[in-house]
Number of protein chains: 2
Amino acid sequence: MATAPGDKPWRPVQGARASGEIVEQIRKAFFGGMMPGDRLGTESDLAEQFGVSRITIRDAIRSLEAQGIVTVRVGAGGGLRIAESDPDRYADALSIQLHLMGITWEELTEAMRSVEPSTAGLAARHASGEQVARLRGLVDDAHAALDDAARFTDLALDFHLAVAEAAGNRAIRAFLRSLRSAQHMKFEENTSREVAERVARMHGEILDAIADGDADLATSRMNEHLALVVSHPGKSDEHLCVPLTQ
Amino acid sequence: MATAPGDKPWRPVQGARASGEIVEQIRKAFFGGMMPGDRLGTESDLAEQFGVSRITIRDAIRSLEAQGIVTVRVGAGGGLRIAESDPDRYADALSIQLHLMGITWEELTEAMRSVEPSTAGLAARHASGEQVARLRGLVDDAHAALDDAARFTDLALDFHLAVAEAAGNRAIRAFLRSLRSAQHMKFEENTSREVAERVARMHGEILDAIADGDADLATSRMNEHLALVVSHPGKSDEHLCVPLTQ
DNA sequence: AATGTCTAATCATCATACATTAAGGGTGAG
DNA sequence: CTCACCCTTAATGTATGATGATTAGACATT
């Protein structure tokens, strides 16, 4: 990679931890082609192979586990395995960073307006009948929850996420999923019955376009919808993130 | 969140590890409002407060550290602190998940086509003079590297990332940054001198639109650019991800 | 065929000890 | 007075050994 602006000429030799070295080696092996389910041996095996104590290996394992690379199972036949993929873990990593950096309302809504319209277009092309049915269910439920702000907000955000799911693109879905924790609290506090009715109606129209397979219409309707939704500005310098419910 | 279809009535009782419990408690405190730099005490402090041994605390710490929530410093006055934000760590989390799920060429290019055009539009509105200068530098360098496929690819991808940076939205930037590792290998192998010339020219035109502050033009030019770029299909069922260079 | 039981493998946790690192203060030379 | 150096001290990093808890699989029982 070419040097980006602001990159330091060298990064501090911070690690020098044996466990960090082990993490790096296993990460390399992982990206070198290991796949979910592959076994990596037991704590003792690895301790012996790397020539360190079990404590050090455990440190490395906890780190790899938190990164979502390996899973650990106890008992006979247990040990380390390459993990199955878990999109929510990635979404979680983003909420942590969003909290640390203190994402603003403006950044959040810009991101939504950048991604979601074209996502609706993809959904119109790719959505399965089952996914359309799920969308319809969410819209119907939302109509029935117009007076319950918290529940309505949940359902409305679920609708947006379901659109991302219907788009059939896991990278996009993961990104939108990761914005969810930041969205929730801000949108709930702006939800009145009037707003809820309009949101529910627009969601229905977006759904119709998706069900018809009309990508352009779905895109433009989602675009209009977001233009209205984000016109209720939140406080821009406040931290918005809460932990994802697990 | 409302119950998604396919959710099991109850999820398997996993872990029940003491260290996991500690991780959860500290995560809650973190999202409850702790900010970078806040001290959390020492290993021994925490071991006493949670009523567990140092080993258990260390397991929890390694996990929190890998999640990017805390940093650890040794020596007098050391201990746990809430970490500074590090967007690259998040990008890294995504590349792990992309590798595990085996993202396809189609998903990758769809994601780019969904996000980057509007990102170029944001850049046209928000880019500082310094950021425009950086973009121009990258375009010039790319013109000088038309025959060096690897270097040209680096510079071209840096251009796209610099556009995201100029857009001034850290959420979008983090997302595009995280796609980078998947992009690199696929684009390099399709780069001929002919393709490189066209890419460099289009980058220059996108830059001009950004420099002029013409958001619509920047958006449409980026859109056209990507339409061409992704017309070189890679193998769709192959794993594309490699670890980010650190 | 389904259920209960034993056993070995393996991680989770604890206790203790020593090594290594870094911050801060004290000391002496210039 | 200032600077370089060393020493103390606080804290993590690593090692060793032991015990308890959990699991898979083989085997026995209903």
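Predicted model, so just to flag it, every value in this text is computed and none were measured.

Participant: If you had to explain the relation of the copies chain B and chain A to someone new, which residues and values would you point to?
Facilitator: Overlaying chain B with chain A gives an RMSD of 0.1 Å, the required rotation being 180° about an axis along which the chain moves by 0.1 Å. Both copies are brought into coincidence by an operation consistent with a two-fold rotation axis. By residue overlap, the copies meet face to face through one surface: 99% of the interface positions of chain B are interface positions in chain A.

Participant: Lay out helix 5 (residues 105-126) of chain B with the relevant residues and their values.
Facilitator: All names here are of chain B. Its 22 residues give helix 5 an end-to-end C-alpha distance of 31 Å, which sits within 8% of 32 Å, the value for a rise of 1.5 Å per residue. The sharpest bend along helix 5 reaches about 25° and sits at Glu 116, with the proline Pro 117 one to four residues further on. The buried fraction of helix 5 amounts to 17 of the 22 residues, a majority that puts the element mostly inside the structure.

Participant: Describe in detail the pattern of salt bridges, supporting the description with residues and values.
Facilitator: Counting across every chain of the model gives 30 salt bridges over all chains. For Asp92(B), the salt bridge identified is with Arg27(A), shortest N-O distance 2.8 Å. In this pair, Asp92(B) is assigned in helix 4 (residues 87-101) and Arg27(A) in helix 1 (residues 18-31), connecting two distinct chains. Looking at Arg27(A), the relative accessible area reads 4%, which means it is buried.

Participant: Describe the sheet that holds strand 2 (residues 70-73) of chain B, naming the residues involved and giving the relevant values.
Facilitator: Residue and element names in this part refer to chain B. Taken together, the three strands give an open sheet; going across it, the order is 1-3-2, and neighbouring strands pair in antiparallel fashion. The outermost strands of the open sheet, each flanked by one partner alone, are strand 1 (39-41) and strand 2. Averaged over all neighbouring strand pairs, the angle between strand axes comes to 30°, with direction disregarded. Sheet topology note: the strand 1/strand 3 (residues 79-82) ladder contains two bridges and is antiparallel. Residue pairing for strand 3: Gly 41 is matched across the bridge by Leu 80. Running at roughly 120° to strand 2, helix 3 (residues 54-66) makes contact with strand 2 and strand 3 of the sheet.

What counts as what
By convention here, each chain's residues receive numbers from 1 onward along its written sequence. Labels are handed out in written order, letters beginning with A for the chains and numbers beginning with 1 for the ligands. Two thresholds apply to this predicted model, a pLDDT of at least 70 for residue-level local features and 80 or more for giving and counting side-chain atom pairs, whereas whole-chain, interface and lining totals are computed over all residues. Side-chain figures throughout are based on the complete set of non-hydrogen atoms in the structure, without hydrogens or water. When the copies are superposed, the least-squares fit takes in the C-alpha atoms of residues with a pLDDT of at least 70 in both. By definition, residues are in contact when any of their heavy atoms lie within 4.5 Å. Starting at the N terminus, helices and strands are each numbered in turn, a helix being any DSSP run of H or I of at least four residues and a strand any DSSP run of E of at least two. Multiplying 1.5 Å by the helix residue count minus one yields the expected span of that helix. Bend is computed residue by residue as the angle between axes fitted to the seven residues ending at the residue and the seven residues starting at it. Exposed residues in this analysis have more than 50% of their type's maximum accessible area, buried residues have under 20%, and partly exposed residues fall in between, with area computed by a 1.4 Å probe over protein chains only. By convention in these notes, a salt bridge is any Lys or Arg side-chain nitrogen within 4 Å of a carboxyl oxygen on Asp or Glu. In this analysis, strands are considered paired if DSSP registers two or more bridges between them. Note on definitions: angles span 0 to 180 degrees between N-to-C directions of axes, and those axes are lines fitted to C-alpha atoms, for helices only across the stretch in contact.

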